[in-house]
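# Topology and contacts: notes
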Amino acid sequence: MEHLVIKGKQKIRGAVSINGAKNAAVAVIPASLLTESRVKIENLPKITDIFWLIEILKALGAKVSVEEGGDLWIDSAGVHSFKPPPELVNKFRASYYFMGALLGRCGQVEIPMPGGCNLGPRPIDQHIKGFTAMGARVELEQGLVKIKAEKLRGAHIYLDVISVGATINIMLAAARAEGKTIIENAAKEPEIVDVANLLNAMGAQVIGTGTDIIKIRGVSELGGAEHNVIPDRIETGTFMIAAAATGGDLLIEDVIPKHLDPVIAKLRETGVPLAIGPDWIKVLPRNALYPADVKTFPYPGFPTDLQAPMMVLLTQVPGVSLVSENVFEGRFRHVDELKKMGARIKLEGRTAIIEGGSQLISAPIKATDLRGGAALVIAGMLAEGETTIEGIEHIDRGYEHLEERLNLLGAKIERRIMTKDVFPGK
Ligand code: UD1
């Protein structure tokens, strides 16, 4: 088991380039199963979720080759299985996209309930509601979700909850269904638009992504395509917050600033000076910071994936800030770890009350989910002394070489193999 050792009180300075979006990449890779032709995917992040997706594709019978620069060629002509291996599916949440993709390709799929970050209850009832409306039969048997459709037919589906996963999964299944599918109350995230762009390049007819009504006219066959994944807005936001929290000065390149609107607005409200260009964002050295009231919501609201990093920034702001989590019920597991570092945070239901302005101090802490883990890395960079973080496999699931890139910007983070003395009592 590896852990990170962070020497605190270092400022983030320089320039960093942003990778392809994890949450788009994890959907466009399964989407390639919807055609028997070759699909090329460029600008993929080198993170463990992507490695696992490639392993699942191979296990299903696809040929996958990775070019030197990291671009992926997927040839799904030889796909012979509709059963993704449970031990891989269990590792991450986005494996649920094999439901829609294999249903569209093979008319059936057998898959365990997906794994992934523990953010409280994460049901998939809206995905199932969509598949069922399209004529599929869904059974839960010995922990496996078995979905089968003699013929998938377009349907009018109103999502009860705004769900990124359900919106994309229904889109995948509908791309080759007979007739027209309408998704109402759809999620509007940029990653959904990105997946639709690939599907349309393959010959699908998807319109309306980015709005809350998506229409998909099914086609009988899809062809090959090449696709460049959009930049990761959550990685961008993480670097913005890391620079702002440490009082640094950072140019973040290869981004789509529009996708960061809610984050830009909230950081400016907090007093962080920012300069914005066509494909870059610069975090400038800051003076005084002001308390803020942050509420997470589906896009274009403030992203729940940046709630934990933002909370770390707010621990540095004199006065009382509020952070309300409105997307996931159990997404405050980082709070206990931050308290071990001296943060003054009180939880009241879905709201965290942060009394900021005090110096964080180092402590042995544990990442329990991906974004919470990134937040703890930022906290470690602010702290007095040497902070040790275990559970970093969560961080590796979604950030490519995070500590190496931060080190190039002035951080002092070391990855070490864990020994008993680091975490006494274990
Ligand atoms: C995706 C992102 C995740 C992000 C989240 C919200 C991926 C791989 N992950 O997760 O990083 O934090 O969107 O922006 O893209 N819900 C139901 N029933 C369902 C589906 C969802 O009740 O069938 C609820 C969830 O429990 C949650 C809310 O809807 O409270 C939003 O979930 P959803 O948008 O589906 O999140 P994910 O797709 O899991």
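Residues numbered from 1 in each chain as written. Predicted model: local features only at pLDDT ≥ 70, side-chain atom pairs only at ≥ 80, totals over all residues. Heavy atoms only, no water.

### Section: the domain arrangement of the protein
Examined at the domain level, the protein breaks down into domain 1 (2-19 + 231-417) and domain 2 (22-217). The gap between the C-alpha centroids of domain 1 and domain 2 is 30 Å. With 21 residues of domain 1 at the contact, the number on the domain 2 side is 24 residues. Among the residues domain 1 hides against domain 2, the three largest losses belong to Tyr299, Arg397 and Glu400. Together they make up 33% of the total. At the boundary of domain 1 and domain 2, one finds two salt bridges. (Domains from an automatic or database assignment. Contact = heavy atoms within 4.5 Å. Buried area = accessible area lost by both parts, 1.4 Å probe. Salt bridge = Lys/Arg side-chain N within 4 Å of Asp/Glu carboxyl O.)

### Examining the sheet that holds strand β3 (residues 38-42)
Spatially, four strands are ordered β4-β5-β3-β13 in an open sheet, and the strand pairing comes out mixed. In this open sheet, the two edge strands, each paired with only one partner strand, are β4 (63-66) and β13 (225-228). Ignoring which end each strand starts from, the neighbouring axes of this sheet average 15° apart. Bridge count between β3 and strand β5 (residues 72-75): four bridges; the pairing is antiparallel. Considered in β5, the bridge of Lys40 is made with Trp73. Strands β3 and β13 of the sheet are contacted by helix α7 (residues 190-201), whose axis makes an angle of about 160° with β13. (Pairing = 2+ DSSP bridges. Helix = DSSP H or I, 4+ residues; strand = E, 2+ residues; numbered from the N terminus. Axes fitted to C-alpha atoms, helices over the stretch in contact; angles between N-to-C directions.)

### Focus: the site of the ligand
In the region of the ligand, 22 residues are neighbours, and Tyr96, Gln126, Ser163, Asp305 and Val327 sit closest. In the complex, the protein chains occlude 89% of the 740 Å² of accessible area that the ligand would expose alone. Elements with a minimum of two residues in the shell around the ligand: α1 (22-31), α5 (125-133) and α6 (164-174). Ranked by residues supplied to the shell around the ligand, first place goes to α5 with three residues. In this structure, the shell around the ligand is formed jointly by two domains, domain 1 (2-19 + 231-417) and domain 2 (22-217), each of which donates at least three residues. (Near = heavy atom within 4 Å. Areas by Shrake-Rupley, 256 points an atom, 1.4 Å probe, with all protein chains shown as cover.)

### A word on the sheet that holds strand β9 (residues 156-158)
Reading across the sheet, the four strands line up as β9-β10-β12-β11 and stay open at both edges, with mixed pairing between neighbours. At either end of the open sheet lies a strand with only one pairing partner, and these are β9 and β11 (205-207). Strand after strand, the sheet turns through a mean of 10° between neighbouring axes, direction not considered. Where strand β10 (residues 180-184) lies against strand β12 (residues 213-217), five bridges are found, and the strand directions are antiparallel. Opposite Thr181, over in β12, you have Ile216 as the bridge partner. With respect to the sheet, α6 is in contact with β9, β10, β11 and β12, its orientation differing from that of β10 by roughly 175°.

### Digging into the pattern of salt bridges
This model, assessed by the stated rule, comprises 26 salt bridges. The salt bridge partner of Asp49 is Arg397, with a shortest N-O separation of 2.8 Å. Taken together, the residues span a long stretch of sequence, with Asp49 in helix α2 (residues 48-60) and Arg397 in the loop between α13 (393-396) and α14 (402-408) at a distance of 348 residues. Residue Asp49 is classed as buried on the basis of its relative accessible area of 0%. Assessed through its relative accessible area of 7%, Arg397 is described here as buried. Residue Glu141 pairs with Lys146 through a salt bridge whose shortest N-O separation is 2.8 Å. Members of the salt-bridge network, linked through shared partners, are Glu2, Asp396, Glu403 and Arg415. (Buried < 20%, exposed > 50% of the residue type's maximum accessible area, 1.4 Å probe, protein only.)

### Notes on the packing of aromatic side chains
Between two aromatic rings, the relevant description is the distance of the centres plus the angle of the planes. Under the criterion given, the structure shown has two aromatic pairs. Judged by centre distance (5.8 Å) and plane angle (35°), the ring pair of Trp52 and Phe92 falls under tilted. One end of the pair, Trp52, is in helix α2; the other, Phe92, is in the loop between α3 (86-89) and α4 (97-106), with 40 residues separating them in the sequence. The burial state of Trp52 is the same as that of Phe92; both residues are buried. With a centroid separation of 4.7 Å and 80° between ring planes, the pair formed by Tyr96 and Tyr97 is classed as edge-to-face. When its relative accessible area of 2% is taken as the criterion, Tyr97 is described as buried. When the ring centre of Trp73 is taken as reference, the NZ or CZ atom of Arg38 above it lies at 4.1 Å. (Phe/Tyr/Trp six-rings, centres within 6.5 Å; stacked < 30°, edge-to-face > 60°. Lys NZ or Arg CZ within 6 Å of the ring centre and 35° of its normal.)

### Some remarks on the packing of α6 against α7
At their nearest, the axes of α6 and α7 sit 10 Å apart, and the two run at 10° to each other. The angle between the axes of α6 and α7 places the two elements in the roughly parallel class. Residues Val164, Thr167, Ile168, Met171 and Leu172 of α6 lie in contact with α7, whose contacting residues are Ile192, Val195, Ala196 and Leu199. In terms of residue class, the contact of α6 with α7 is built from eight nonpolar, one polar and no charged. (Parallel < 35°, antiparallel > 145°, perpendicular 65-115°, else oblique. Nonpolar A, V, L, I, M, F, W, Y, C, P; charged D, E, K, R; others polar.)

### A look at the environment of Thr388
Position of Thr388 relative to the elements: it lies in strand β22 (residues 386-390). According to the relative accessible area criterion, Thr388 is buried, its value standing at 11%. Placed 22 residues apart in sequence, Thr388 and Gly410 show a C-alpha to C-alpha distance of 18 Å.

### What about unusual backbone geometry?
In this chain, Tyr299 is followed by Pro300 through a cis amide linkage whose omega measures 5°. Its location among the elements puts Pro300 in the loop between β17 (293-295) and α10 (307-314). Backbone geometry at Asn185 places phi at a positive 60°, although glycine is not the residue there. One can find Asn185 in the loop between β10 and α7. Even without a glycine there, the phi angle at Asp254 is positive, about 60°. Within the element layout of this structure, Asp254 appears in the loop between β14 (249-253) and α9 (261-269). Judged by relative accessible area, which is 39%, Asp254 ranks as partly exposed.

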